[in-house]
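Single-letter residue listing:
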Amino acid sequence: GPCIGMGQAPSTDGVRVCTFNRNFFGRTGTKSASGYLVSPETAAATAINGVITDPRTMGTPPVITYPERFPIDETLVLEPSADPDSIEIIRGPNIKPLPRKEPLPANLEGEVLIKLEDNITTDHIMPAGSKILPLRSNVPEISKYVFEQVDPEFHGRALEKNGGFIIGGDNYGQGSSREHAALAPMYLGVKGVVTKSFARIHLANLINFGIIPLEFINPEDYDSIEQGDALSLDVTDLVGELVLRNVTKGKDMPVRHHMSARDIAILKAGGKLPFTAAGGKV
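Residues numbered from 1 in each chain as written. Predicted model: local features only at pLDDT ≥ 70, side-chain atom pairs only at ≥ 80, totals over all residues. Heavy atoms only, no water.

*Asks:* Looking at this model, I keep getting lost on the overall build of the chain. Mind explaining?
*Replies:* A tally of regular secondary structure across the chain gives nine helices and nine strands. Taken along its principal axes, the extent of the C-alpha atoms in the chain is 65 × 55 × 35 Å. For the chain, long-range pairs separated by at least 24 residues make up 62% of all intrachain contacts whose partners lie at least 6 apart in sequence. Accessible area for the chain stands at about 16000 Å²; split by element, carbon and sulfur atoms hold 52% of it. In the chain, 28 side chains carry a positive charge and 34 a negative one; their mean positions are 1 Å apart. (Helix = DSSP H or I, 4+ residues; strand = E, 2+ residues; numbered from the N terminus. Contact = heavy atoms within 4.5 Å. Areas by Shrake-Rupley, 256 points an atom, 1.4 Å probe, with all protein chains shown as cover. Lys, Arg positive; Asp, Glu negative; His and termini not counted. Charge placed at Lys NZ, Arg CZ, Asp CG, Glu CD.)

Right, here's the structure in full:
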């Protein structure tokens, strides 16, 4: 089934047993329903019996064989043009050019736009579903839904404040590898995300879109920050520990990153696209 969560929505307060790879809150398209993730064999057995069933109680499964070679259809793959500058890109009304981020400045300043709890998923950051999927090629429009399930006012506040910082708890960005959970916040001007810890793939996506990911060295510093606090961060030298200053409260907090030299070069360039366009060398 689709990771994005479209189709086959259960009834209100219903229960769905499926072989999809996600069952986050609201992912089924029905917020009050429950979704249980099972193997294909368990799904088949459950469909027959009407209750969750161990397929091993239903006899020996059939033997399935695969062909030696699957057919490959490349008819829709075009060879690169010898003159790419001559190619006109025709975009429909719902397709906008991909926004680019400027190179990293020497100092990052801005307010805390939102403070979040532990285990924030990429669904919390950038929801999925049939309403939002058609906007994936329209970043200005899809950005209106960033943190919609957590704080519907986030989009307007981020634009009003000209961007700023996100504060998170442990395991920030878990779940789907959805790059729009970094791309859309970048478009809204998010300059840095400071957490207790990150999920690995989202951490990489933040770097790829020019948003600096930092962790509190002292976890208790998380408790001292509030939404609306003004923060300042000197990023002239990204080697070793950095100092995040809470200007509002006059407090300095040590923070760290886990970026490689290549990651730092990507971040300084403004993300992976401008880094690659410039030659992609550290």
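Once you've had a look at it, read on.
*Asks:* Explain the sheet that holds strand β6 (residues 212-216) here, please?
*Replies:* Within the closed barrel, the seven strands sit side by side as β3-β4-β5-β6-β9-β8-β7. Their pairing is mixed. The sheet shows a mean angle of 40° between the axes of neighbouring strands, direction not considered. Here strand β3 (residues 107-115) pairs with strand β7 (residues 230-234) via five bridges, running antiparallel. Note that in β7 the partner of Leu108 across the bridge is Leu233. (Pairing = 2+ DSSP bridges. Axes fitted to C-alpha atoms, helices over the stretch in contact; angles between N-to-C directions.)

*Asks:* Quick question: what am I supposed to make of unusual backbone geometry here?
*Replies:* Most peptide bonds adopt trans geometry, and most residues besides glycine take a negative phi value. The phi angle at Phe147 is positive, at roughly 60°, despite the residue not being glycine. Among the residues examined, Phe147 registers a relative accessible area of 0% and is labelled buried. Even without being glycine, Asn162 reaches a positive phi, approximately 60°. With respect to the secondary-structure elements, Asn162 resides in the loop between α4 (154-160) and β4 (164-167). (Buried < 20%, exposed > 50% of the residue type's maximum accessible area, 1.4 Å probe, protein only.)

*Asks:* What should I look at first to understand a nonpolar patch on the surface in this one?
*Replies:* Taken together, the side chains of Val15, Tyr36 and Ile52 define a hydrophobic patch exposed on the protein surface, amounting to about 320 Å² of accessible area. Relative to the assigned elements, Tyr36 resides in strand β2 (residues 34-37). (Patch = residues over 30% accessible without salt bridge, like charges linked within 9 Å, V, L, I, M, F, W, Y side chains within 5 Å. Salt bridge = Lys/Arg side-chain N within 4 Å of Asp/Glu carboxyl O.)

*Asks:* Just checking my understanding: could you explain the side chain of Glu215 for this structure?
*Replies:* Along the chain, Glu215 falls in strand β6. Since its relative accessible area comes to 9%, Glu215 is described here as buried. Here Glu215 is in contact with Thr195, Lys196, Ser197, Phe198, Pro254, Val255, Arg256 and His258, once residues within four sequence places are set aside.

*Asks:* Would you take a moment to explain the pairing of strand β5 (residues 190-195) for this structure?
*Replies:* The side chains of a regular strand alternate, residue by residue, between the two faces of the sheet. Counting buried positions along β5 yields five of six residues, so the element is predominantly enclosed. As paired elements, β4 and β5 share four bridges and run parallel to each other. Its bridge partner being in β5, Phe165 is matched across the sheet by Gly192. Read as a crossover between parallel neighbours, the route from β4 over helix α5 (residues 180-187) to β5 is right-handed. Note that β5 and β6 share four bridges and pair parallel. (Right-handed = clockwise from strand over helix to strand, strands pointing away.)

*Asks:* Just to check I follow, could you spell out the nonpolar core for this structure?
*Replies:* Note on soluble globular proteins: their nonpolar side chains tend to be buried together. Among the nonpolar cores identified, the biggest contains 29 residues, and Met126, Val146, Phe147, Phe154, Ile166, Tyr172 and Val193 are the most heavily contacted of them. The set of elements that each furnish at least two residues to this core consists of β3, α3 (139-142), α4, α5 and β5. Looking at this core, the element that brings in the most residues is α5, giving five residues. For Ile166, the contacting residues outside a window of four places in its chain are Ile114, Leu116, Phe147, Phe154, Tyr172, Val190, Gly192, Val193 and Val194. Core analysis: the next-biggest nonpolar cluster, separate from the first, contains 26 residues, Leu108, Ile167, Met253 and Val255 among them. (Core = buried A, V, L, I, M, F, W, Y, C linked by side-chain atoms within 4.5 Å.)

*Asks:* Honestly, the pairing of β6 in this entry has me stumped. Any pointers?
*Replies:* Counted residue by residue, β6 has five buried out of five residues, so it is predominantly covered. Both faces of β6 are covered, namely the face carrying Ile212, Leu214 and Phe216 and the face carrying Pro213 and Glu215. You can see the chain leave β5, run along helix α6 (residues 200-208) and come back into β6, and the turn it takes is right-handed. Inspection of the sheet shows β6 paired to strand β9 (residues 251-256) by two bridges, in the antiparallel sense. Bridge pairing links Phe216 to Val255 in β9.

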